[in-house]
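# Architecture and fold: a report
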Amino acid sequence: MTTPSNTTSTPRQPYFYHIESSAIPELNNRAEKFLAAFAAILQHSNYRFLIELYAKTSAKCGRCAESCQIYQASRDPHDIPCYRTSLLLDVYRQYYSDDGKRFSRLVSEDPLSNEKIDEMAELFYRCTACRRCTIECPMGIDHGLIAHLGRYVLSEAGIAPKGLVVSVREQLEGATGNTSAIPLPALLDNIEFLQEELQDITGKLVNFPVDQEGSEYIFFPAVSDYLMEADTLMGNAAALQAAGVSWTIGSKYFDGINYGLFYNDWALERIIQKLVEEAHRLQAKKILIGECGHAARSARQFVPTFANGRELPVVSILELTQQAAQQGKLRLKKDAITERVTYHDPCNIARSGWIINQPRQLLRSFVEDFVEMRPGGRENYCCGGGGGLVSLDEIYEFRMNVAGKVKAEQIKASGAQIVATPCANCKKQLRELVDYYKLPVQIVGVHDLVLRAIDL
Amino acid sequence: MPTWMTLAKGPAFLFALTFVILGLLRLIFLTTWDIVSAIRRAGDRRLPYRQIALQTILWLLPFNRLHRNRAGYSIASFSLHIGILVVSLFLRNHLDILEANIGFSWIAIAKPILDVLTLIGILGISALLLYRLYVIGSRQLSKAVDYLLLLILLNIFLSGFLAGRPWNPIPYDGLMLFHTVNGMVLAMLAPFTKIAHCVLFPLIRLGTEVAWHFTPMGGSETVKTLHGPQGRKI
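Basis of the calculations
Residues numbered from 1 in each chain as written. Chains lettered and ligands numbered in written order. Predicted model: local features only at pLDDT ≥ 70, side-chain atom pairs only at ≥ 80, totals over all residues. Helix = DSSP H or I, 4+ residues; strand = E, 2+ residues; numbered from the N terminus. Buried ≥ 20, exposed ≤ 12 C-beta atoms within 10 Å, placed from the backbone. Contact = placed C-beta atoms within 7 Å. Rg over C-alpha atoms; globule rule 2.2 N^0.38 Å. Core = buried A, V, L, I, M, F, W, Y, C linked by C-beta atoms within 7 Å. pLDDT = per-residue confidence, 0-100. Pairing = 2+ DSSP bridges. Axes fitted to C-alpha atoms, helices over the stretch in contact; angles between N-to-C directions. Nonpolar A, V, L, I, M, F, W, Y, C, P; charged D, E, K, R; others polar. Domains from an automatic or database assignment. Right-handed = clockwise from strand over helix to strand, strands pointing away.

What follows covers the overall build of chain B. Of regular secondary structure, chain B possesses eleven helices and zero strands. Judged by the C-alpha coordinates and their principal axes, chain B covers about 75 × 40 × 35 Å. A total of 234 residues make up chain B; the buried ones form 30% of that total. Look at the contacts in chain B between residues 6 or more apart in sequence, and 71% of them connect residues 24 or more apart.

This is how it looks when you write it as C-alpha cells:
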C-alpha cells in the first residue's frame, strides 16, 4: 500500500485545537467543572450503577487492544480501550464511589487535575466509538459507552469539538434547523432539481413529496445528502416509488442527523423530539431514515425513550428497499453492475444495530461480482471517521494515518472497484481515505447502485 | 496440630468464609437492585434478555474465542480460572475443613487430576505476571493491585502444590500456614477488588444493555441542575 507518510501515528496533540476558541478562557477550572458535570449526569441518568459495576469488575486484560483499529495502527498504549475507560472509572472511584472515596482518603490520592481532563478530552476523541472492542471483552465492558459518557461529561464541562457543537447549535437553535444550514427554499429547489434529474435518468416522473399529511412514512435522510449525495437520494425516491408506499419529507424538520449520539445526551434527546414532533405534525405512521448509520441507530434506539408516549416505528430505507425487492415490487436488472463491488458496514447499524444481511441481499441481486470485506458484518472495522470524528477536519491526519489505516488496507485487499456503504459519514471518510492512499476505488451509497439497476 | 493451625482451619476459616459470602451477597443484592431501579427509570424498558443471556453464557465458556485475540494471555487466564475453581472447590483437604466447620461438603476429585490442574494454574499465573511485567500494553494497564492479586494466587498455588510433595524442602506446618493465610486474604479481598467478577459477571452484559436505555428527561434535568431552570444555550 502507498503510505504517504513513513509514520503510522500522528503525534498526540493538546485538544484545544478542536474546541471553540470562545470556550477556552472559561476552562481554567476545568477539573472543577468536570466534577460538577459528572455529578449532575450521575444524578439524572442510568450511568451510575454501570460505572460502579465496571469499576468493580474491570480486569484490564488488554484483549480489547488487539481488536481496536486505533491501537493496531498507533501501538500507543494510551489508545488501548480499557486504558481510556480506566481514566473515567478512576475519577468515579475517587469522587463518587463510597469504597473508592474511603480508599482515596486513606492513600491521599492527588485531586483531579486539569492535565487529566486534557488527557481524557484527547483520548475520548481518538476513539471512533465503533464498539468493536466490546465484542472481545471477556467481561462485557462496553468501552464505547464509556467513551460516550466521557464525551458527555466533557461537553457539559464546556469541552466539545466545534465541528459537532456548531452543527447541533444550528440544528436546535439556528434559523434553518438543520446541521447543514440548508434554508427551506434551497431544499425545495434542490428537490425540484432531483425530480427533473431523476426523470431524465428513468424516463418516469418520480415525486419527492413534501408535507403530505397521513403518509405511511416520513423520510429523514442525513441532510447533507441534499448537498452531496444526489444519486443516493434519487435512488431512495425511485425505490420508494417502486415499493408503492406513501411517503413525505417534512418542511418544518427534515434532518436525520443526530450528533447528540456522539457527545451529548441532552442534544440527543432534543433532536429525537424534533423527529417525533414533525412525524406527528404530518400524521405519518412510521419514521423512515435514509442512508445514515448513526441517524438510523439513534432514531431506532432512542425514539421509544424520548417520544414522550408518542412512539412511532423506525425503519431504515435499506430494510424497506430490500423487502420491496424480495416481494418483487422493486425490479432490479440482474448484473446491472459489472464492476467488482464490496460493502462497508457502518458500525452503528451493523455492530450496534440490525442491518447486516439486507444490503448484501440487495446488492447480490444486481451486482455481478460482489465480494465481502473481511472481517465484515458485526465484526467490521470502522471507516475511521465514526463517533463524529469525520466532522473534525482538524484531525484529518489522524483519521487518515491512524484511524482509517486498517480500513484502507481492507479496501485494497478486497480488490473492489466500488465500495458501497449506506452512511453519509462513512462515505466522506472513505472518499478521503481512498484519495489519501491513492486507491482506484469509487465510494457510493447502496441506493446509488440501486438507481443504476432499477427498472421502473 | 499446632494451635495456630487449629485457629486457621477453624474460627479464622469460618470468619473468612462468612466474610466473603456476605460481602459477595451484598454486591449481588446492590447491583441487582441498581439494575432493576435503572430499568424502572428507563424510557424504554424492552430488553433483549435472550440475547444478553446467550452472550453471557458464551463468554462463561469461551472455548471458541480464546484464540481470536491475545491467544497466549487468554489461554493463561482461562487456565488460571479453571485451576482456581476446580482445585479450591474439589480438593479433599479443603472439603474436610469445610465439613469440619459447617457440617457438610461434596464429592472430591482425585488428587492426581488436581495436581495437574494446580500446575496448569501455576503456569497460567506466571504467564499473566510476565505479560503484565513485560508486554508494554499490559504494563501500562496494570496497577499495584493487579500484581498483588496475582502474587497472592501464586503463593497459594505454589505452597499448596509443594505441601503435597514428599520432596518439599519447606517445613510442612509453616507452609500450610502461609497457604491458609494467603487464601483467607484473597477471599477477604474478593468483595473489594476485581475478584468480585466471580459473582457479578452474569450481571455485566445485562447492566450494559440497561445503561443504554436512557432516562426520558435525563439530559434536560442535568442541564437544569447545572445551569438552573433557564438552562443554557448550545
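Text resumes after the structure shown.
All right, on to the overall build of chain A then. Within chain A, the secondary structure is distributed over 22 helices and eight strands. In summary, chain A has a C-alpha radius of gyration of 22 Å against a globular reference of 23 Å for 456 residues, a match within 12%. Its C-alpha atoms give chain A principal-axis dimensions of about 75 × 50 × 40 Å. In chain A, 81% of the contacts between residues at least 6 apart in sequence involve partners at least 24 apart.

Okay, the nonpolar core next. Residue and element names in this part refer to chain A. By size, the foremost hydrophobic cluster in this structure holds 194 residues, and its most contacted members are Leu275, Ile287, Ile289, Ala299 and Val303. Examining the composition of this core, we find that eight residues originate from one element, helix α15 (residues 265-281), more than from any other. Setting aside residues no more than four positions away along its own chain, Val303 makes contact with Ile272, Leu275, Val276, Ile287, Glu311, Leu312 and Val314.

When pLDDT is averaged along chain A, the result is 93; 95% of the residues meet or exceed 70. Segment residues 1-11 of chain A: pLDDT under 50, and 22 contacts once partners within four positions in sequence are set aside and those in other chains are kept.

For the rest of this paragraph, the subject is the sheet that holds strand β8 (residues 442-444) of chain A. Residues and elements named next belong to chain A. Sheet architecture is open: four strands sit in the order β6-β5-β7-β8, paired in parallel fashion. Only two strands of the sheet have a single neighbouring strand rather than two, namely β6 (367-371) and β8. In this sheet, adjacent strand axes meet at a mean angle of 35° when their direction is disregarded. Note: strand β7 (residues 418-420) against β8, three bridges, orientation parallel. Counted as the bridge partner of Ala420 is Val444 from β8. Strands in contact with helix α22 (residues 446-453) are β5 (337-343), β7 and β8; relative to β5, the strand with the most contacts, it is inclined by about 160°.

Residues and elements named next belong to chain A. Ordered in space as β2-β1-β3-β4, the four strands form an open sheet in which the pairing is parallel. In the strand order of this sheet, the two ends are held by β2 (247-248) and β4 (314-316), each with one partner. Examined bridge by bridge, strand β1 (residues 217-220) and strand β3 (residues 286-289) share four bridges and lie parallel to one another. Among the inter-strand pairings, Phe219 is bridged to a residue of β3, identified as Leu288. Each of β1, β3 and β4 is contacted by helix α16 (residues 293-306), which is oriented at about 155° to β3, the strand it contacts most.

A word on the interface of chain A and chain B. Taken residue by residue, the interface counts 51 residues in chain A and 51 residues in chain B. Broken down by secondary-structure element, the contributors of at least two residues to the side of chain A that touches chain B are α1 (30-44), α2 (48-57), α3 (63-67), α5 (81-95), α9 (143-156), α10 (162-173), α15 and α16 of chain A. At six residues, the largest contribution of residues to the side of chain A that touches chain B is made by α1 of chain A. Of the residues belonging to the side of chain A that touches chain B, the class tally is 28 nonpolar, eleven polar and twelve charged.

Residues and elements named next belong to chain A. By the assigned domains, chain A splits into domain 1 (15-164), domain 2 (182-323) and domain 3 (332-453). Here the C-alpha centre of domain 3 lies 22 Å away from the C-alpha centre of domain 2. Contacts between the two partners involve 26 residues from domain 2 and, on the opposite side, 25 residues from domain 3. Elements with a minimum of two residues in the side of domain 2 that touches domain 3: α13 (230-243), α14 (260-263), α16 and α17 (317-326). For the side of domain 2 that touches domain 3, the leading source of residues is α13, giving seven residues. Across the side of domain 2 that touches domain 3, the residue classes tally to ten nonpolar, nine polar and seven charged.

Within the secondary structure, Val20 of chain B sits in helix α2 (residues 11-41). Sequence separation of Val20 of chain B and Ala100 of chain B is 80 residues, and the distance between their C-alpha atoms is 18 Å.

Another aspect to go through is the pairing of β3 of chain A. Residues and elements named next belong to chain A. For β3 and β4, the ladder comprises three bridges, and the chain directions are parallel. Of the residues in β4, the one forming a bridge with Ile289 is Ser316. In this view, the connection linking β3 to its parallel neighbour β4 by way of α16 has right-handed handedness.

A word on the confidence of the model for chain B. With 99% of its residues at a pLDDT of at least 70, chain B reaches an overall mean of 93. Note on the complex model: pTM 0.94, ipTM 0.94.

Bringing the pairing of β1 of chain A into the picture now. As a general feature of sheets, a regular strand has side chains that alternate between the two faces. Residues and elements named next belong to chain A. Of the two faces of β1, the one holding Tyr217 and Phe219 and the one holding Ile218 and Phe220 are both buried throughout. Pairing of β1 with β2 involves two bridges; the strand directions are parallel. Counted as the bridge partner of Tyr217 is Trp247 from β2.

This part is about unusual backbone geometry. Comment: phi is negative for the bulk of residues other than glycine, and the bulk of peptide bonds are trans. Residue and element names in this part refer to chain A. At the junction of Arg374 and Pro375, the peptide bond is cis and its omega measures out at -5° in the coordinates. Assignment of secondary structure puts Pro375 in the loop between β6 and α19 (396-403). Despite not being glycine, Ala129 has its phi angle at roughly 55°, a positive value. You will see that Arg131, though not glycine, has its phi angle at about 70°, which is positive. You can see Arg131 is positioned in the loop between α7 (114-124) and α8 (132-136).

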